[in-house]
Amino acid sequence: MRRTIDEVLAEARSRLNRLEADEVPAALARGAVLVDIRPAAQRAREGEVPQALVIERNVLEWRADPASEARIEQAADHDVEWVVLCSEGYTSSLAAASLQDLGLWKATDVVGGYWALKKSGFPL
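What you see is a predicted model, and the numbers here were worked out from it, not measured in a lab.

Next up on the list: the pairing of strand β3 (residues 82-85). Burial of β3 is two-sided: the residues W82 and V84 facing one way and the residues V83 and L85 facing the other way are all buried. Here 4 bridges tie strand β1 (residues 33-36) to β3, and the two strands are oriented parallel to one another. Within β3, the residue paired with V33 across the bridge is W82. Relative to strand β4 (residues 108-109), β3 runs parallel, the two sharing 2 bridges. Bridging from a neighbouring strand, V84 pairs with D109 of β4.

A few words on the side chain of R38. With respect to the element layout, R38 can be found in the loop between β1 and α3 (40-46). Take R38: its relative accessible area is 1%, and that puts it in the buried class. Look past the residues within four positions of R38 in its chain and what remains in contact with it is R43, E46, G47, E48, V49, E56, L85, C86, S87 and Y114.

One open sheet holds the 4 strands; their spatial order is β2-β1-β3-β4, and the pairing between them is parallel. Among the strands making up the open sheet, the edge pair consists of β2 (53-54) and β4. Sitting on the sheet, helix α5 (residues 91-101) touches β3 and β4, and the angle it makes with β3 is about 155°.

Our focus in this paragraph is the pattern of salt bridges. With the rule as written, the count across this model stands at 10 salt bridges. Linking R15 and D101 is a salt bridge whose minimum nitrogen-to-oxygen distance equals 2.8 Å. Of this pair, R15 sits in the loop between α1 (5-14) and α2 (24-29) while D101 sits in helix α5, and the two are 86 residues apart along the sequence. Judged by relative accessible area, which is 29%, R15 ranks as partly exposed. Given a relative accessible area of 56%, D101 falls into the exposed group. Each member of the salt-bridge network shares a partner with another, and the members are E11, R15 and D101.

Analysis parameters
Residues numbered from 1 in each chain as written. Predicted model: local features only at pLDDT ≥ 70, side-chain atom pairs only at ≥ 80, totals over all residues. Heavy atoms only, no water. Buried < 20%, exposed > 50% of the residue type's maximum accessible area, 1.4 Å probe, protein only. Helix = DSSP H or I, 4+ residues; strand = E, 2+ residues; numbered from the N terminus. Pairing = 2+ DSSP bridges. Contact = heavy atoms within 4.5 Å. Axes fitted to C-alpha atoms, helices over the stretch in contact; angles between N-to-C directions. Salt bridge = Lys/Arg side-chain N within 4 Å of Asp/Glu carboxyl O.

Listed below in C-alpha cells is the structure:
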C-alpha cells in the first residue's frame, strides 16, 4: 500500500500530544528535554535555542533510546518527556512518532517549530 508524506505526517501527528510554543516553558519546568534536530547549517542560519539539547535528526533514536549503547545521559528510561524541535514542525512530528515507536510514549513536538518559538517570545 502506498501512502503520501501527508498521510504519513497525519498518522504521526494523530499519536502526538503536540505542544504549542507557549506551552514549552511549562514542559521544561516539569523536566522535559527540548531537543533541536535541525542540521548545523540551519541552526546557524535561523538561530540557536540555548535551552535545547542539539541532536541532529540522523542520530536521534540512538541517543534517546535508553536501551541503546549510544544513548545520552538524559535517556535514563522510557519515562523521559522528549520535546522535539525542527524549523517549522514537520520533521519533528515524524521524529517524535519514531521515538514513540521505541516506547518513548511522552515524546512530542512543537507546533510550528523554531519559528513558532521565536514568534512566541520564547527566550532565544
